[in-house]
Amino acid sequence: MQKTTVIVGGTGKTGRRVAARLAAQGLPVRAVSRSTALPFDWEEPATWAPALRGAEAVYVTYQPDLAAPGSVEAIGAFARLAAGNGVRRLVLLSGRGEEEARACEREVEACGTDWTILRASWFCQNFSEHHLLGPVLDGVITLPAGTVAEPFVDAEDIADVAVAALTRDGHAGRIHELTGPRLLTFADAAREIAEAAGRDVRYVPVSPQEYTAGLVGQGVPAGEAAMLAGLFARVLDGRNAHLADGVRRVLGREPRDFTDYARETAATGVWNA
């Protein structure tokens with residue numbers, strides 16, 4: 001009898017895509033988050049064990065980010081609990097160039113199960129499904145990123161790689177670094193979105209302090225705003241301005257290009273709300 005694969009963060013950008021792919025293959029899957037019938041909350045450890053019941057494999061995403069205070073302790077405690085509950089395989093979604101994320105990775109690597117790390121660059125879908133959708137609709141994207149280039153990766157590719165790591169052999173003990181096929185600055189990305197959506201969208205670089213103030217003005221708690229601004233300033237300092245071959249090595253094909261993402265997303269009308 002097939003055991004369940006648990007998707008922690010099952011309503012998020014990658015989690016819901018992973019869950020949908022597993023379900024389409026007829027595999028038992030349990031997607032959990034704070035809003036699901038069986039809730040999972042990183043701040044409520046009592047919710048962890050019920051979500052893990054009967055699980056063989058777990059896809060782990062952490063909110064708000066692996067760079068947030070307390071993430072290392074939470075990831076470590078969860079990974080050890082999963083191992084103690086018979087989970088055989090853990091797949092952690094991580095980030096490139098983040099010291100705190102690397103500490104979380106080490107917790108998973110030491111827990112005693114088979115593990116795979118998916119170390120991803122910035123998601124294309126951040127422009128359409130998350131905090132950058134509002135700025136795109138407003139026509140001005142502001143970030144503390146200067147003119148640095150980023151190899152934006154499509155969440156569809158991340159989901160395909162995650163499913164492979166969860167269901168196929170050969171990924172235990174591997175770190176898959178996932179990027180798109182080319183480097184773009186945020187100004188480049190804004191131009192491609194503008195062209196695809198047929199609207200004015202531009203990028204304006206700001207300082208971390210200005211970005212923090214902007215988030216607070218939108219209602220983000222000051223501590224979380226400062227954490228995000230500091231994280232973005234660090235990982236967008238050029239350290240990640242290079243390509244990786246993880247998508248091609250796992251899937252045997254090239255990653256999806258940002259242009260294709262922009263055209264397909266524009267066709268949904270999300271940028272014309």
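Presented here is a report on the structure given in the accompanying data block. The written sequence of each chain sets the order in which its residues are numbered from 1. Reporting of local features is limited, given that this is a predicted model, to residues whose pLDDT is at least 70; pairs of side-chain atoms are given and counted only at 80 or more, and all residues count toward the totals for whole chains, interfaces and linings. The side-chain figures draw on all heavy atoms in the structure; neither hydrogens nor water molecules are used.

## Details of the overall build of the protein chain
Every helix listed is a DSSP run of H or I at least four residues long, and every strand listed is a run of E at least two residues long, numbered separately from the N terminus. If you tally the helices and strands in the protein chain, you get twelve helices and ten strands. On C-alpha atoms alone, the protein chain measures out to a radius of gyration of 18 Å, which is about the 19 Å that the 2.2 N^0.38 rule sets for 273 residues. With respect to the three principal axes, the spread of C-alpha positions in the protein chain is 55 × 40 × 35 Å. Residue burial is assigned from relative accessible area. The probe radius is 1.4 Å, only protein chains are included, and a residue is buried under 20% of its type maximum, exposed over 50%, and partly exposed in between. Looking at the protein chain as a whole, 51% of its 273 residues are labelled buried. A contact between two residues is defined here by any heavy atoms of the two lying within 4.5 Å. Taking the intrachain contacts of the protein chain between residues at least 6 apart in sequence as the baseline, contacts between residues at least 24 apart amount to 76%. Residue burial considers only the protein chains on display, and all accessible areas are found by Shrake-Rupley using a 1.4 Å probe. About 11700 Å² of surface is accessible on the protein chain, with carbon and sulfur atoms providing 50% of the total. We compute the radius of gyration over the C-alpha atoms and compare it with the globule rule, which gives 2.2 Å times the number of residues raised to the power 0.38.

## Things to note about the packing of helix α8 (residues 186-197) against helix α12 (residues 258-268)
In the contact formed by α8 and α12, the axes pass within 8 Å of each other and the chain directions differ by 40 degrees. In the crossing of α8 with α12, the sense of the turn from one axis to the other is right-handed. Along its contact with α8, which presents Ala189, Glu192, Ile193, Ala196 and Ala197, the element α12 presents Phe258, Thr259, Ala262, Arg263 and Ala266. Three categories are distinguished: nonpolar for Ala, Val, Leu, Ile, Met, Phe, Trp, Tyr, Cys and Pro, charged for Asp, Glu, Lys and Arg, and polar for the others, with Gly belonging to the last. Of the residues belonging to the contact of α8 with α12, the class tally is seven nonpolar, one polar and two charged. Here the axes come from fitting lines to C-alpha atoms, over the contacting stretch only for helices, and the angles between their N-to-C directions go from 0 to 180 degrees. Crossings are classed by handedness, with left-handed meaning an anticlockwise turn of the near helix from the far one by less than a right angle and right-handed meaning a clockwise turn.

## Observations concerning the nonpolar core
Core analysis: the largest hydrophobic core is formed by 37 residues, its most contacted members being Phe127, Leu143, Phe258 and Trp271. Elements represented by at least two residues in this core include exactly α6 (133-138), β6 (140-143), α8, α9 (208-217), α10 (222-235) and α12. Looking at this core element by element, the count peaks at seven residues for α10. Excluding residues within four positions of it along the chain, Phe258 makes contact with Cys124, Phe127, Phe152, Arg182, Leu184, Ala189, Glu192 and Ile193. Only buried residues count toward a nonpolar core. Its members are Ala, Val, Leu, Ile, Met, Phe, Trp, Tyr and Cys residues joined through side-chain atoms within 4.5 Å. Of all hydrophobic cores here, the second largest spans 27 residues; its members include Val60, Ala74, Phe78 and Ile117.

## Quick notes on the sheet that holds strand β1 (residues 4-8)
What makes two strands pair is DSSP finding at least two bridges between them. Sheet architecture is open: six strands sit in the order β2-β1-β3-β4-β5-β8, paired in parallel fashion. Looking along the sheet, the strands with just one partner apiece sit at the ends: β2 (29-32) and β8 (174-178). The average angle at which neighbouring strand axes cross in this sheet is 15 degrees, direction not considered. Looking at chain direction, strand β3 (residues 55-60) and strand β4 (residues 89-95) are connected through four bridges and run parallel. Note that in β4 the partner of Val60 across the bridge is Leu92. Helix-sheet contacts for helix α1 (residues 15-24) involve β1, β2 and β3, and the interaxial angle to β1 is about 165 degrees.

## A look at the packing of aromatic side chains
Only Phe, Tyr and Trp rings take part, Trp by its six-membered ring, and two of them pair if their centres are within 6.5 Å. Stacked means planes under 30 degrees apart, edge-to-face means over 60, and tilted covers everything else. Counted under the stated rule, the structure contains 18 aromatic pairs. Taking the centre distance of 5.5 Å and the plane angle of 50 degrees together, the rings of Phe152 and Phe258 count as tilted. Placement of Phe152 in the loop between β7 (149-150) and α7 (155-167) and of Phe258 in helix α12 is noted, with a sequence separation of 106 residues between them. Take Phe152 and Phe258: they sit in the same class, and that class is buried.

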